[in-house]
Amino acid sequence: MSTAATEKGETLAKHRYDERDRRLVLAHVGVAVGALLIGAIAGLLQVMERAGWIRLPAGINYYQMLTLHGVLLALVFTTFFIFGYLYAGLARTLDGRLVSSSRKWAWIGYGMMTLGTLLAAAHILMNEATVLYTFYPPLQASPWFYVGLALLVVGSWVASAVVIINYVHWRRRNRGESSPLFAYMALATVILWLHASLYVAIEVVVQLIPWSFGWVDRVNVPLSRTLFWWFGHALVYFWLLPAYIYWYVNIPQIIGGKILSGSLPRLTFILFLLFSIPVGFHHQLTDPGIQPFWKFLQVALTMAVVVPTLITAFSILGTFEMAGRARGAKGLFGWVKKLPWGDVRFFTPFMAMIIFILGGAGGIILASYQLNQLVHNTWFVTGHFHMTMASTVGLTYLAALYWMIPILRHRRLTPAINRLGIIQTVIWTVGMMLMSVTMHVVGLMGAPRRSSFSTYGGHEIVSSWMPHLQLISVGGILLFAAILLAVYILIHLWFFAPKTDRPAEFPIGVVYERASEPPRILERWSVWIGVSVVLSIIAYAVPLADMILHPAPGALPVRPW
Amino acid sequence: MDIPRYERLWLGIGIGTLILFLLITGYMGFSMGLHPTDGMERTVEPEKVTRTPPFDNPGLERIGPNEYVLTSVSFVFGYDPKEVTVPAGAKVHFRVTSRDVIHGFYIPGTTVNMMVEPGHITEQTYTFDKPGKYLVLCHEYCGSGHHLMQGTIYVKGE
Amino acid sequence: MARTPEYEVHRRDKNKDENLRGTFVSVLLIGGLILAIWLIVFFLYLRVAL
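Everything numeric in this text was worked out from a predicted model, so none of it was measured.

Caption draft 1: Fine view of the overall build of chain A. The helix and strand inventory of chain A stands at 16 helices and zero strands. Computed over the C-alpha atoms, the radius of gyration of chain A is 23 Å, within 12% of the 24 Å expected from 2.2 N^0.38 for a compact globule of 561 residues. Residue burial in chain A is summarised as follows: out of 561 residues, 59% are buried. A sequence separation of at least 24 residues applies to 85% of the contacts in chain A between residues at least 6 apart.

Take a look at the structure:
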C-alpha cells in the first residue's frame, strides 16, 4: 500500500515529501511571496498618493504603481502559489510524490513563468508598460511587456500539463476508482485555466504582439476587450478554486471533521468549469458593439455560476456543524463554539469566508444588467474584488502557506507564530472591512476607480467623496501592515522556526463514511470539456463573428503616458 | 448523489432568488427599454473621426420641444464639447466616440455610464429631471492625464 | 431485534438532516443579507433611472 493519503479513512502512513518535490514547491512559493511583497508596496504608495498624503517621487507615477500592483498580485502571486499548492497536494494524495518524468516539465514551466514575470515587471518599472493589468489597446506598451505576459501564460500551460500527467498516471494505475478529491479538483482547475487562458493568449499573441512590434498598424479594439474578458472572468475562478480546495479538502481534517459528500464538491467544480467562462460580457455591459440579447444571456449564465458557491456555502458550514455535533454540541448554534478558533489554519480561511459574503453580494449586483450602470468603473468594483480576491483568496492562500512552508522546510508552526498569524488576520480583516466597505459606498456615490488624485476642477461632488477616500487609505495602511506581518511570518517559518524531523502532515480530509460513491459521469472529463466548449460557442459565436466579420476600423497605437 | 433535504431547500431558495433577479432585470430591459448602454453603429478610422460628420461638428442639437442629441468626441484628455446647457426635464440622446483610446463617459448621480471606443458610436438616452451642475468624467484609464479628463452638463431649473 | 437495512438508511439520513439545522438557518441568514443588499442597490437604481 502506498503512502498516499486517501479520503477513505485508511490509516495514513507518515508521509515525507521527496526532496525534489520540496524544492519545486518552495521555488514557486518563493516567487509568490516576493510578488506579494512588491505588489503590496505598490499598493501602499497608491493609497497614500490617492489620499493626497504624499506626492510620488519623480519618475514614478500612480498608474505605473497601479499596473505593478495589479500584475504582481493578480497574475504572478496567484499563479505561482496555485501551482506550488497543487503540486504539493498532488504529491501528497496521489502516490506520495510527483511522477519523476513530470518534474522536468514543472521546472521548465517555472522557468518560463519566472522569465515572463521578470520581463513584464522590468518594463512596467521602466514606464514602458503603464497600461494597467488589463492592458486595453489602443494603449500600447513595449512589445516585450506582451512577450513577458505570453511567456507567463504559456509557462502556466506547461505547469498545467504537469498536473494532468500526474492525474493520468494515477488513473491508469487505479482503473475504475474515483480519483482522490484533491487531485480531481486540481485537474478541474487546470482544465478551466487551459480553456480560459486560450483566449488571452490569442489576444496577446495574435493581436497585440504583432501590433506592438509594428508588423500590423491597427488593432481590433472590441475583439481584444472581448477576448480579454472571456479569459478575465474565468481567471478569478482559477484563483478561487484552489481556495475552495483548501476549504473542502484541508479544513475538514484541520477541524477534526469529515468531508460531508464525495460527490457534491466534484459537482461544484464541474459547474465552475461550465459557467465561469461564457460570462465575460458582464464586464462589458456598458460597451458598444454588443447586442443587448447577448449581454443578457451572459448575465443569466453569470447567475448560474453563483450556484456552485451556494452549494459550497452549505457544504462547508455543514462540515463545521457535523464536526461540532460529533463533539457533543447541542442546539442550533452550539457547534460554533466547538470550532478551533485559536488555530490559524482554520481561523484565517474562516475570515476569508465571512468577507466573501459581502464580496459575493457586490458581485451579483455588478452582474445585474442595468444595475451595473450605477457601479461600473467606480470604486465599487475595486471594493468588490479586494473582498473576493485579495481577502477570500489571498487570506486562504496565506493560511495554506502558514502550514505548507513548515512541512516543506521540516520546521514547526509554533504556538507563537500561530498567535501572530491570528493577529495578522484580525488586522487584515479590520483593514479590509474599513477599506472595501467604504469603497463600495463611495463607488455608489459616483467616485471613479483607477484614477489618480483629483478634485475634478473643484466640483462639489468630489468634496463629498474626500472623507471616504481618506478612510480607504487608512484601511489600506492597515492592510499593508497585515501583509508585512504575514511576510515576516512566512520568512520566519522558512528560515528561523524550530527544526523538526517529524514535520506535520499536509491535512487531507476524510469523507463521511455514509456518503455514497461519486457518480462515474463526474469523472468523464471529455463530456464536461465538451459542454464547456459548447457553452462558450453559444455565448460568444454570434457577437464575436460580428466583431470579426463586420469590424469597425481598427485603431492606431497610442502611448499617452 | 444524496443531497440532504435542507441543502435541496436552500438551493431551491437560492436559485429561485437568482431567477427573480433575472426576471426583474430582464423585464426592465426588454419590456421597459431600460438597457445599459449600447450602440451598434460604427464610424470611420479614429484619426479621421473629427473630420467626418457628425463628429466634425460635435455638440447639442435640438430635435424636439425638450429633446436633444448630444454628439461628443472623447480624446486624451477631454471631451468636445466640454460643456453644454439644457433645461430641466431635457431628454438627451448621447452619441459618443473616441478619436484615440478607450475612454469612459460617466455622470455620477445618473445612469449615464458608457465605454467610449474608437471606431464605435456608444449611445444612451437620459432625462435630466433635476436641475444642477453635472460632472462628466472619464473612468477608463487613458493615460497620465486621465484623472483630469472632465466635462460639465448644466441643467437649468425653473 | 432485527431492523431492515432500509430502516437504517432512513434513520441515518434523518439524523443527518437534523444535524444540519444550524447550517440551514445560517445560509438563510446569509442569503437574506445578500438579498437585502441587492434590493438596496436596486432601489438606488430606480431612483436615478425613473
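Caption draft 2: Highlighting the overall build of chain B. A tally of helices and strands in chain B yields one helix and 10 strands. Mapped from its N terminus to its C terminus, chain B presents α and β elements in the order α-β-β-β-β-β-β-β-β-β-β. The C-alpha radius of gyration of chain B comes to 20 Å, more than 25% above the 15 Å expected for a compact globule of 158 residues. When the backbone C-alpha atoms are referred to their principal axes, chain B occupies close to 65 × 40 × 30 Å. Looking at the 158 residues of chain B, the share that counts as buried comes to 47%. For chain B, restricting intrachain contacts to residue pairs at least 6 apart in sequence, the fraction spanning at least 24 positions comes to 58%.

Caption draft 3: Up close: the interface of chain C and chain B. Counting residues at the interface gives 11 residues for chain C, matched by 12 residues for chain B. Of all the secondary structure elements, the ones that give two or more residues to the side of chain C that touches chain B are α1 (5-18) and α2 (21-49) of chain C. No other element matches the eight residues that α2 of chain C contributes to the side of chain C that touches chain B. The residue makeup of the side of chain C that touches chain B, split by class, is seven nonpolar, two polar and two charged.

Caption draft 4: Here's a closer look at the packing of helix α13 (residues 379-409) of chain A against helix α15 (residues 460-495) of chain A. Residues and elements named next belong to chain A. Taken N-terminus to C-terminus, the directions of α13 and α15 make an angle of 15°; their axes are 9 Å apart at the nearest point. Overall, the two elements α13 and α15 adopt an arrangement that is roughly parallel. Considering how the two elements wind past one another, α13 and α15 form a crossing that is right-handed. Between α13, through L398, L401, Y402, I405, P406 and R409, and α15, the contact on the second element is made entirely by A486, I489, L490, L493 and W494.

Caption draft 5: View of the environment of R21 of chain C. Secondary-structure assignment places R21 of chain C in helix α2. Along the backbone, R21 of chain C and V48 of chain C are 27 residues apart, and their C-alpha atoms lie at a distance of 41 Å.

Caption draft 6: Seen up close, the packing of helix α1 (residues 5-30) of chain B against α2 of chain C. For the pair α1 of chain B and α2 of chain C, the least separation of the axes is 10 Å and the interaxial angle reads 5°. Here α2 of chain C runs roughly parallel to α1 of chain B, going by the angle between their axes. Note on element contacts: α2 of chain C touches α1 of chain B through T23, F24, V27, G31, L35 and W38 of chain C, opposite Y6, W10, I13, G14, T17 and F21 of chain B. Split by residue class, the contact of α1 of chain B with α2 of chain C holds eight nonpolar, four polar and no charged.

Caption draft 7: Quick look at the pairing of strand β7 (residues 113-116) of chain B. Residues and elements named next belong to chain B. Both faces of β7 are covered, namely the face carrying N113 and M115 and the face carrying M114 and V116. Note that strand β6 (residues 103-106) and β7 share four bridges and pair antiparallel. When the sheet's bridge partners are listed, Y106 is paired in β7 with N113. What sits between the antiparallel neighbours β6 and β7 is a turn of six residues, in which G109 has the positive phi angle 90°.

Caption draft 8: How the structure looks around the nonpolar core. Among the nonpolar cores identified, the biggest contains 241 residues, and Y87, A188, L192 and L241 of chain A are the most heavily contacted of them. Sorting elements by how many residues they give to this core places helix α2 (residues 62-95) of chain A first, with 23 residues. A domain split of this core shows at least three residues from each of domain 1 (1-35) and domain 2 (46-156) of chain B. Discounting chain neighbours no more than four positions away, the residues touching A188 of chain A are L241, F269, I270 and L273 of chain A.

Caption draft 9: A look at the interface of chain A and chain B. With 57 residues of chain A at the contact, the number on the chain B side is 57 residues. Sorting the residues of the side of chain A that touches chain B by element identifies α6 (221-254), α8 (292-304), α9 (307-326) and α12 (372-375) of chain A as the ones contributing at least two each. Here the side of chain A that touches chain B gets five residues from one element, more than from any other, and that element is α8 of chain A. Residue classes in the side of chain A that touches chain B are distributed as 35 nonpolar, 19 polar and three charged.

Caption draft 10: The arrangement of helix α3 (residues 100-125) of chain A in detail. Residues and elements named next belong to chain A. With 26 residues, α3 should reach 38 Å at 1.5 Å per residue; the first-to-last C-alpha distance of 38 Å fits that figure. Where α3 is concerned, the buried positions are A106, G109, Y110, M112, M113, G116, T117, L119, A120, A121, H123 and I124. Elements in contact with the buried residues of α3: α1 (19-50), α2 and α4 (143-173). Once α3 finishes, N127 follows within two positions and takes phi at roughly 60°, a positive value.

Caption draft 11: Summary view of the environment of T500 of chain A. Residue and element names in this part refer to chain A. Structurally, T500 can be placed in the loop between α15 and α16 (525-549). Given 13 C-beta atoms within 10 Å, T500 falls into the partly exposed group. In this structure, T500 is in contact with H410, R411 and R412, ignoring residues within four places of it in sequence.

Caption draft 12: The arrangement of the domain arrangement of chain B in detail. Taken domain by domain, chain B comprises domain 1 (1-35) and domain 2 (46-156). For domain 1 of chain B versus domain 2 of chain B, the distance between C-alpha centres works out to 36 Å.

Caption draft 13: Broad picture of the environment of R22 of chain A. Residue and element names in this part refer to chain A. Inspection of the secondary structure puts R22 in helix α1. The partly exposed category is assigned to R22, around which 17 C-beta atoms lie within 10 Å. Counting along the chain gives 180 residues from R22 to I202, while the straight-line C-alpha distance between them is 34 Å. Contact partners of R22, with chain neighbours within four places excluded, come to Y17 and L408.

Caption draft 14: How the structure looks around the confidence of the model for chain B. Looking at chain B as a whole, the pLDDT averages 95, with 99% of positions reaching at least 70. The complex model carries a pTM of 0.95, and its ipTM stands at 0.97.

Caption draft 15: Expanded view of the pairing of strand β5 (residues 90-98) of chain B. Residue and element names in this part refer to chain B. Where burial is concerned, most of β5 is hidden: seven out of the nine residues are buried. Bridging between strand β2 (residues 67-75) and β5 involves eight bridges; their strand directions are parallel. Bridge pairing in β5 places V73 opposite T97. Sheet analysis places β5 next to strand β8 (residues 122-128), joined by seven bridges and oriented antiparallel. Bridge assignment links R95 to a residue of β8, and that residue is E123.

Caption draft 16: Main features of unusual backbone geometry. A cis amide bond links P53 of chain B to the next residue, P54 of chain B, at an omega of -10°. Turning to its location among the elements, P54 of chain B is positioned in the loop between α1 and β1 (59-64). For the peptide bond that leads from V76 of chain B to F77 of chain B, omega is 0°, which places it in the cis range. Tracing the sequence through the fold places F77 of chain B in the loop between β2 and β3 (78-80). Within the chain, N127 of chain A stands out as a residue other than glycine whose phi angle is a positive 60°. If you trace the backbone, N127 of chain A turns up in the loop between α3 and α4.

Criteria and thresholds
Residues numbered from 1 in each chain as written. Chains lettered and ligands numbered in written order. Predicted model: local features only at pLDDT ≥ 70, side-chain atom pairs only at ≥ 80, totals over all residues. Helix = DSSP H or I, 4+ residues; strand = E, 2+ residues; numbered from the N terminus. Rg over C-alpha atoms; globule rule 2.2 N^0.38 Å. Buried ≥ 20, exposed ≤ 12 C-beta atoms within 10 Å, placed from the backbone. Contact = placed C-beta atoms within 7 Å. Nonpolar A, V, L, I, M, F, W, Y, C, P; charged D, E, K, R; others polar. Axes fitted to C-alpha atoms, helices over the stretch in contact; angles between N-to-C directions. Parallel < 35°, antiparallel > 145°, perpendicular 65-115°, else oblique. Left-handed = near helix turned anticlockwise from the far one by under 90°. Pairing = 2+ DSSP bridges. Core = buried A, V, L, I, M, F, W, Y, C linked by C-beta atoms within 7 Å. Domains from an automatic or database assignment. Expected span 1.5 Å × (residues − 1). pLDDT = per-residue confidence, 0-100.

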